[in-house]
Amino acid sequence: MARSRHPVLAAILWGGLVAGTLDVGAASLISGYNPLIILRYIAGGLLGKAALTGGMNEAALGLGLQWAMSLIIAAIFVLVVGRRVAATRQWPVWGVAYGVVIFAVMNYVVVPLSAHHRMPHFSTFSFIANLAAMLLFGWIIALFTRNRLA
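Parameters at a glance
- Residues numbered from 1 in each chain as written.
- Predicted model: local features only at pLDDT ≥ 70, side-chain atom pairs only at ≥ 80, totals over all residues.
- Heavy atoms only, no water.
- Helix = DSSP H or I, 4+ residues; strand = E, 2+ residues; numbered from the N terminus.
- Rg over C-alpha atoms; globule rule 2.2 N^0.38 Å.
- Buried < 20%, exposed > 50% of the residue type's maximum accessible area, 1.4 Å probe, protein only.
- Core = buried A, V, L, I, M, F, W, Y, C linked by side-chain atoms within 4.5 Å.
- Contact = heavy atoms within 4.5 Å.
- Phe/Tyr/Trp six-rings, centres within 6.5 Å; stacked < 30°, edge-to-face > 60°.
- Patch = residues over 30% accessible without salt bridge, like charges linked within 9 Å, V, L, I, M, F, W, Y side chains within 5 Å.
- Areas by Shrake-Rupley, 256 points an atom, 1.4 Å probe, with all protein chains shown as cover.
- Salt bridge = Lys/Arg side-chain N within 4 Å of Asp/Glu carboxyl O.

When you go through the protein chain residue by residue, the secondary structure sums to five helices and zero strands. Secondary structure elements of the protein chain, listed N to C terminal, follow the sequence α-α-α-α-α. Computed over the C-alpha atoms, the radius of gyration of the protein chain is 16 Å, within 12% of the 15 Å expected from 2.2 N^0.38 for a compact globule of 150 residues. With the C-alpha coordinates of the protein chain rotated into their principal frame, the extents come out at 45 × 35 × 25 Å. Counting only residues that meet the buried cut, the protein chain has 37% of its 150 residues in that class.

See below:
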């Protein structure tokens, strides 16, 4: 990868946007719903259930919210442990561990505090699939952190 004049910003942007975009695809695969429905569900975190019957405006809001959350999640990782991660070969472990943190915070803090107001109820499959998606999310952020800051 080409070197950036702003490697911290590049790690945050690339890691956040790639992980956030792939996360929408993963949610679609896990749930079997169209990605536009997933995006409207994300918008529902702000707008409530009405977002689910919305259209492209709600989907666009959902994408904006998804990317905003993903950039914040990436920024926290890069700014708190980025240099340490870039200096070690253990970056995949850091990423997977961060994925566990992301899973816990999103499911047990963010979603319950959103307009959805609900605690997650997982089947065994959905728990494993959602956890795996967040492990991948964290791994992607660690990968871009390693590549941009090393």
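Here is a general trend for soluble globular proteins: nonpolar side chains tend to be buried in one another's company. Ile 73, Phe 77, Tyr 98, Ile 102, Met 134, Phe 137 and Ile 141 are the most contacted members of the largest nonpolar core, which has 24 residues in total. Those elements giving two or more residues to this core turn out to be helix H1 (7–31), helix H3 (56–86), helix H4 (91–113) and helix H5 (124–149). Excluding its chain neighbours within four sequence positions, the residues that come into contact with Ile 102 are Ile 73, Met 134, Phe 137 and Gly 138. Judged by nonpolar contacts, the second largest core, of five residues, contains Ile 38, Leu 39, Ile 42 and Ala 59.

Quick look at the packing of aromatic side chains now. Applying the stated rule across the entire model yields seven aromatic pairs. Seen in terms of ring centroids, Trp 14 and Phe 144 are 6.1 Å apart; in terms of plane orientation they differ by 10°. Their pairing is stacked. Note that Trp 14 is positioned in helix H1 and Phe 144 in helix H5, a separation of 130 residues in sequence. By relative accessible area, which is 44% here, Trp 14 ends up partly exposed.

With that settled, consider the environment of Gly 44. Note on placement: Gly 44 falls in helix H2 (residues 35–47). Take Gly 44: its relative accessible area is 0%, and that puts it in the buried class. Spatially, the C-alpha atoms of Gly 44 and Ala 115 are 6.6 Å apart, while their sequence positions differ by 71 residues. Once you skip the residues sitting within four places of it in the chain, Gly 44 turns out to touch Ala 51, Ala 115 and His 116.

Our next topic: a nonpolar patch on the surface. Among the surface-exposed residues, Val 101, Val 105, Tyr 108, Val 109, Val 110, Leu 113, Met 119, Phe 127 and Ile 128 lie close enough to one another that they form a single nonpolar patch of about 780 Å² accessible area. For the nonpolar patch, the secondary structure elements donating two or more residues are H4 and H5. With six residues, H4 is the largest single contributor of residues to the nonpolar patch. Summarising the element assignment, Val 105 is placed in helix H4.

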